[in-house]
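Each chain, letter by letter, is given below.
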Amino acid sequence: MLHLLDETLEAFLRAEVPLPGRDVDVAFEAPDRDWGAGVTKPTVNLFLWDVRRNLEDREHGVEMVEENGQRLRRQPLPRVDCRYLVTAWTTETRDEHALLGSVLETLLQHREINPEHLQGAYAPVRPLPSLAVAAADGRDQSDFWSALGGQLKPGLDVLVTATVDTGALAAAGPPVERYDIVLAGVGDADQHSRRGLVAGRARDDEAEGTPVRTPRGSGTVSNEGAFLVPAEPGDEVVVEGDKPRRRKVPAKGHIKERGR
C-alpha cells in the first residue's frame, strides 16, 4: 500500500503543480547529507517519516460491497495517517524556494487526491486519500534534521490520510424477501398468531406512493422502488398504478417483475 501511495503522490504532483519529468525529479529517499550531495537536477523529495492508524475517521459496523457480481460484507476499511517531509533541492536558493512554493500552492488547493491520480491496485479504493499541510506543533525542527545528518532547510510537513484495503471479505447472504412475524398471546405462550410480509419491486412507471394491496393488507411503493405488504404464498398482489397489474405470491414469497 505504501509504495502505491508514493506513486500516487508523484502522479498527483507531476500533473497538478506541474512537475515535468524532463525538468524535475521526484525522490523518496531520506534527505540526508550523502543523498543531498548526489542531487544534480531540480528535485522534490517526499520523505515518509511517520505512519500511524487514524482513529478519528474510523467507522464501525459492516458495509456491503460487490465484487465480480457477488455481494460481500466487510468491516469498514481502516484509515492511516502518513506524514511526509516535502523539500525542494536545486543549486540556487531562489529556485529552491520557487519550486517548494509551487508545491505548497498545489497542496493548499486540494483537500484530496483526485481518482485519476490513483495508481495500480489503489485506484478503486475509497474514500480517497485526503491531503493537509500539517500545522506547526511547536517542536524544534532542527532536531529532525540533525537526526538525518543534514543541513537545516525549509520543508513542508504534509499529512496524507489514506484508506487501506485489507482484502478481508466474506460472502453475504441473499437479500431478505420474506418476513414471518410471530405474536405470542400475553400470559399464554400457547396462543400465538403468525403474519407474513412479502417484498417486491415496482416497475419504472410505478412512482413512489403507488398503492399496493393484498387480501391481507396494503402498502405503498417506497422512494427506492420497493414495497413490503402482508401476504402469504398464493395470495394476489395488486399494484394500482396507471396500468394496474396483478401477481401471485410464489412459494418463495418474492414478487418477480417483468421488464426490469
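Residues numbered from 1 in each chain as written. Predicted model: local features only at pLDDT ≥ 70, side-chain atom pairs only at ≥ 80, totals over all residues. Heavy atoms only, no water.

*Asks:* In this structure, what is going on with the overall build of the protein chain? I would like to understand it.
*Replies:* A tally of regular secondary structure across the protein chain gives four helices and 15 strands. Counting over 260 residues, the protein chain shows a buried share of 36%. Accessible area of the protein chain: about 15,900 Å², with a carbon and sulfur share of 48%. (Helix = DSSP H or I, 4+ residues; strand = E, 2+ residues; numbered from the N terminus. Buried < 20%, exposed > 50% of the residue type's maximum accessible area, 1.4 Å probe, protein only. Areas by Shrake-Rupley, 256 points an atom, 1.4 Å probe, with all protein chains shown as cover.)

*Asks:* Please explain the side chain of His 110 as it appears in this structure.
*Replies:* Among the secondary structure elements, His 110 is positioned in the loop between helix H3 (93–109) and strand E6 (130–133). Here Thr 106 takes part through its backbone oxygen, which lies 2.9 Å from a polar atom of the side chain of His 110. Once you skip the residues sitting within four places of it in the chain, His 110 turns out to touch Phe 12, Glu 16 and Leu 131. (Polar contact = N/O pair within 3.5 Å; in protein donor to acceptor, adjacent residues only side chain to side chain. Contact = heavy atoms within 4.5 Å.)

*Asks:* What is the right way to look at unusual backbone geometry in this model?
*Replies:* Comment: phi is negative for the bulk of residues other than glycine, and the bulk of peptide bonds are trans. Across the junction of Val 17 and Pro 18, the peptide omega takes the value -5°, indicating a cis bond. Turning to its location among the elements, Pro 18 is positioned in the loop between helix H1 (2–16) and strand E1 (25–27).

*Asks:* Would you mind showing me how to read empty space enclosed by the protein here?
*Replies:* Regions of empty space are outlined by a rolling probe, equal in size to a water molecule, passed over the atoms. Scanning the entire structure with this criterion turns up one cavity of 30 Å³ or more. Lining of the largest cavity is provided by Leu 9, Leu 13, Leu 46, Tyr 84, Val 86, Leu 107, Val 158 and Val 160. The set of elements that each furnish at least two residues to the lining of the largest cavity consists of H1, strand E5 (79–89) and strand E7 (156–163). Considering only residue class, the lining of the largest cavity consists of eight nonpolar, no polar and no charged. (1 Å grid on protein atoms, 1.4 Å probe; cavity = no way out; pocket = protein on both sides within 12 Å on 5 of 7 lines; lining within 4 Å. Points joined across faces, edges and corners; volume = space filled by probe spheres on them. Nonpolar A, V, L, I, M, F, W, Y, C, P; charged D, E, K, R; others polar.)

*Asks:* Help me understand the sheet that holds E7 in this model?
*Replies:* Hydrogen bonding along the main chain pairs the strands of a sheet, whether they run parallel or antiparallel. Strand order in the open sheet formed by five strands is E1-E2-E5-E7-E6, and the pairing between neighbours is mixed. Each of the sheet's edge strands pairs with one partner strand only, and the pair in question is E1 and E6. Strand-to-strand twist across the sheet, computed as the mean angle between neighbouring axes with direction ignored, equals 25°. Where E5 lies against E7, eight bridges are found, and the strand directions are antiparallel. The residue bridging Leu 85 from the neighbouring strand is Asp 157, located in E7. Sitting on the sheet, H1 touches E1, strand E2 (43–54), E5, E6 and E7, and the angle it makes with E5 is about 50°. (Pairing = 2+ DSSP bridges. Axes fitted to C-alpha atoms, helices over the stretch in contact; angles between N-to-C directions.)

*Asks:* How should I be thinking about the sheet that holds strand E14 (residues 236–239) in this particular structure?
*Replies:* If you trace the four strands from one edge of the open sheet to the other, you get E12-E11-E14-E15, paired in antiparallel fashion. The sheet is open, and its two borders are formed by strand E12 (217–220) and strand E15 (245–248), each paired with just one other strand. Put simply, the sheet's adjacent strands are angled 20° from each other on average, direction ignored.

*Asks:* Can you help me understand the packing of aromatic side chains in this one?
*Replies:* Across all of its chains, the model carries one aromatic pair by this definition. Look at Trp 35 and Trp 89: their rings are 5.0 Å apart centre to centre, the planes differ by 85°, and that puts the pair in the edge-to-face class. With Trp 35 in helix H2 (residues 33–37) and Trp 89 in strand E5, this pair connects stretches of sequence that are 54 residues apart. Taken individually, Trp 35 and Trp 89 each receive the classification buried, so the pair is uniform in this respect. One cation-aromatic arrangement involves Lys 153 over Trp 89; the distance from NZ or CZ to the ring centre is 3.7 Å. (Phe/Tyr/Trp six-rings, centres within 6.5 Å; stacked < 30°, edge-to-face > 60°. Lys NZ or Arg CZ within 6 Å of the ring centre and 35° of its normal.)

*Asks:* Please clarify how the environment of Glu 206 should be interpreted in this entry.
*Replies:* Mapped onto the secondary structure, Glu 206 falls in the loop between strand E10 (188–201) and strand E11 (211–214). The exposure class assigned to Glu 206 is buried, which follows from its relative accessible area of 6%. There is a polar contact of 2.8 Å between the side chain of Glu 206 and the backbone nitrogen of Arg 203. A polar contact of 2.4 Å, which involves the side chain of Glu 206, links it to the side chain of Arg 245.

*Asks:* How do you make sense of the packing of H1 against H3 when you look at a structure like this?
*Replies:* Helix-helix packing: each pair is described by the crossing angle between the helix axes and the interaxial distance. The interhelical angle for the contact between H1 and H3, taken along N-to-C directions, is 105°, at an axis separation of 10 Å. With respect to their mutual orientation, H1 and H3 come out roughly perpendicular. Here Phe 12, Leu 13 and Glu 16 of H1 come into contact with H3, specifically with Val 103, Thr 106 and Leu 107. When its residues are assigned to classes, the contact of H1 with H3 shows four nonpolar, one polar and one charged. (Parallel < 35°, antiparallel > 145°, perpendicular 65-115°, else oblique.)

*Asks:* I tried to follow the pattern of salt bridges on my own but got confused; where do I start?
*Replies:* Working definition: two side chains of opposite charge can pair if their charged atoms are close together. Inspection of the entire model under this criterion finds 12 salt bridges. For Glu 206, the salt bridge is made with Arg 245, and the minimal N-O distance between the two is 2.4 Å. Here Arg 245 lies in strand E15 and Glu 206 lies in the loop between E10 and E11, a separation of 39 residues in the sequence. We note a salt bridge from Asp 235 to Arg 216, for which the minimum N-O separation is 2.4 Å. Of the two residues, Asp 235 is situated in the loop between strand E13 (226–230) and E14 and Arg 216 in the loop between E11 and E12; the sequence distance between them amounts to 19 residues. Residue Asp 235 is classed as buried on the basis of its relative accessible area of 10%. One network of salt bridges, in which partners are shared, links Arg 203, Asp 205, Glu 206 and Arg 245. (Salt bridge = Lys/Arg side-chain N within 4 Å of Asp/Glu carboxyl O.)

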